[in-house]
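# Summary of structural features
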Amino acid sequence: MMAQQDIIIQEVRRLLVENSGFSETANASSIQALDTKEYDLDTPYGTIRVAVRGSSKGARPVILTVHDIGMNHKSCFDTLFNSEDMQEIILHFSIYHIDLPGQQERAPSFPHGYEYPSLDQMAELLPAVLKHFNLKSVIGLGVGAGANILTRFALNYNDLVEGLCLININCNAEGWMDWAATKLTGWTSNLTDIVISHLFSKDEIHTNPNLIHTYRNHISTGLNHHNLQLFVNSYTSRRDLEIGRPFPGQHNHRSTLQCPTLLVVGDNSPAVDAVVDCNTKLDPTKTTLLKMSDCGGLPQVVQPAKLTEAIKYFVQGMGYMPAASMTRLMRSRSASGSSVVSLDGNRSRSATGEAAKFYSHPSLGLQNVNKNANPNANVGGVEHSGPQSAEISC
């Protein structure tokens, strides 16, 4: 474990979040005049950039984001956080975006012989970041490699993590067949193509040319390819998370996440199988799997409104944002017995209550799947669901 005092902070500059090429235009009246301040933190593994949006909200956790390979915080999260629907969340939580070593804009190349940190080492950087900004706890939002890093962080520092929203997570090490395929692809394809195939499915590559062009251009011209290759190598060399679902009523030492967790994947994402597999290894009383229809590898870009809706319910399950505006939900049952919830687009309903629970609104008859929520909160006498993950389609 690295020494937290090794991190030195240096403010780089102040800029407006709207300057990003990936921002989605929203209703100007709904977006607060919030600037983003960027800081460079010098660490034993190189410089990481932290972009801070919003001011302290007292004892509330902050939302801490970590991006995927081939991305930085702007290309990964600007569309989501600049969307109109997300502004209500930004009013309640400060946002801390992490750019991993060498992945920020205009990053210089690492010197010859530099050893890029492993995912475990990058996870060990996060407690020092929290300490430097005097942050007590976080709600993690990660995509791909970033989701894996946040999971490692939560496993080692569960007291610092109140909840996790993990998009496209793969909790397994790369198998030997995957390794061989990666090596073969590396010999026959350039780095940009390798990253594109990680982010998007083959079908999406053919059916959404504008989106693919945007991200291909970003990867080709907006990132330092030497540094990106090192990050890709680190991700493909990751170790297994070694987590397992606890057995009800039995004392065991199986390690798994202790915080409420929302798993998110598009139904046309290359990560579908990996996310479903990860769901089987987490505590079903604290985990929700959200499969987003008409969505590929980047739900935060393609379906920001739906993802925002899910995040609002998720943080309500932890006792925050009790009066957030919501889409009306209709409940149905799948053949497997998992909870399935659809979003019908009607925004007439406003959820109320001191600590409304994630998918546990009495008027809708939805069962509470978050057993880690505030036990003193009134959930309107809703009967808890059994020990199973809720599977939500939207």
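Structure shown above.
Everything numeric in this text was worked out from a predicted model, so none of it was measured.

A separate point is the pattern of salt bridges. Enumeration according to the criterion identifies 9 salt bridges in this entry. E105 is the salt-bridge partner of K74, the closest N and O atoms lying 3.2 Å from each other. Here the residue K74 occupies a position in helix α1 (residues 73-81), and E105 occupies one in the loop between β5 (95-99) and α3 (119-132), the gap between them amounting to 31 residues. Through salt bridges with shared partners, one network takes in E38, D40, R49, K74 and E105.

The next subject is helix α10 (residues 272-279). Those residues of α10 not exposed but buried are V272, A274, V275, C278 and N279. All buried residues of α10 lie within an arc of 165° about the axis, which places them on one face of the element. Against the buried residues of α10 lie β8 (261-266) and β9 (287-292).

A word on the side chain of H73. Positionally, H73 belongs in helix α1. A residue is classified by how much of its surface remains accessible, and H73, at 6% relative accessible area, is buried. In contact with H73, not counting residues within four places along its chain, are E38, A51, H67, D78, H97, I98 and D99.

Counting 98 residues, the largest nonpolar core has F81, F133 and F153 as the members making the most contacts within it. The dominant element in this core, judged by the number of residues it contributes, is α3, at 7 residues. Excluding residues that lie within four positions of it along the chain, F81 makes contacts with R53, I63, T65, M86, Q87, I90, I95, H97 and L141.

Turning to the packing of aromatic side chains, a few remarks are in order. In this structure the tally under the stated criterion is 10 aromatic pairs. Both rings, one in Y39 and one in F133, keep their centres 5.3 Å apart while their planes meet at 70°; by these two values the pair is edge-to-face. Note that Y39 is positioned in strand β2 (residues 35-43) and F133 in the loop between α3 and β6 (138-143), a separation of 94 residues in sequence. Residue classification places Y39 among the buried residues on the basis of a relative accessible area of 14%. Judged by its relative accessible area of 14%, F133 falls in the buried class. The structure contains a cluster of three or more aromatic residues connected by ring pairs, namely F110, Y114, Y116 and F231. The ring centre of F93 lies 5.8 Å from the NZ or CZ of R60, which sits over that ring. For the cation-ring pair, R238 lies above Y235, with the distance from its terminal atom to the ring centre recorded as 4.2 Å.

So, about the pairing of β5. On any regular strand, side chains alternate: one points to one face of the sheet, the next to the other face. Counting buried positions along β5 gives 5 out of 5 residues, so the element sits mostly inside the fold. Looking at chain direction, strand β3 (residues 46-53) and β5 are connected through 5 bridges and run antiparallel. Bridging across to β5, V52 finds its partner in Y96.

About the criteria used
Residues numbered from 1 in each chain as written. Predicted model: local features only at pLDDT ≥ 70, side-chain atom pairs only at ≥ 80, totals over all residues. Heavy atoms only, no water. Salt bridge = Lys/Arg side-chain N within 4 Å of Asp/Glu carboxyl O. Helix = DSSP H or I, 4+ residues; strand = E, 2+ residues; numbered from the N terminus. Buried < 20%, exposed > 50% of the residue type's maximum accessible area, 1.4 Å probe, protein only. Arc of directions from axis to C-beta. Contact = heavy atoms within 4.5 Å. Core = buried A, V, L, I, M, F, W, Y, C linked by side-chain atoms within 4.5 Å. Phe/Tyr/Trp six-rings, centres within 6.5 Å; stacked < 30°, edge-to-face > 60°. Lys NZ or Arg CZ within 6 Å of the ring centre and 35° of its normal. Pairing = 2+ DSSP bridges.

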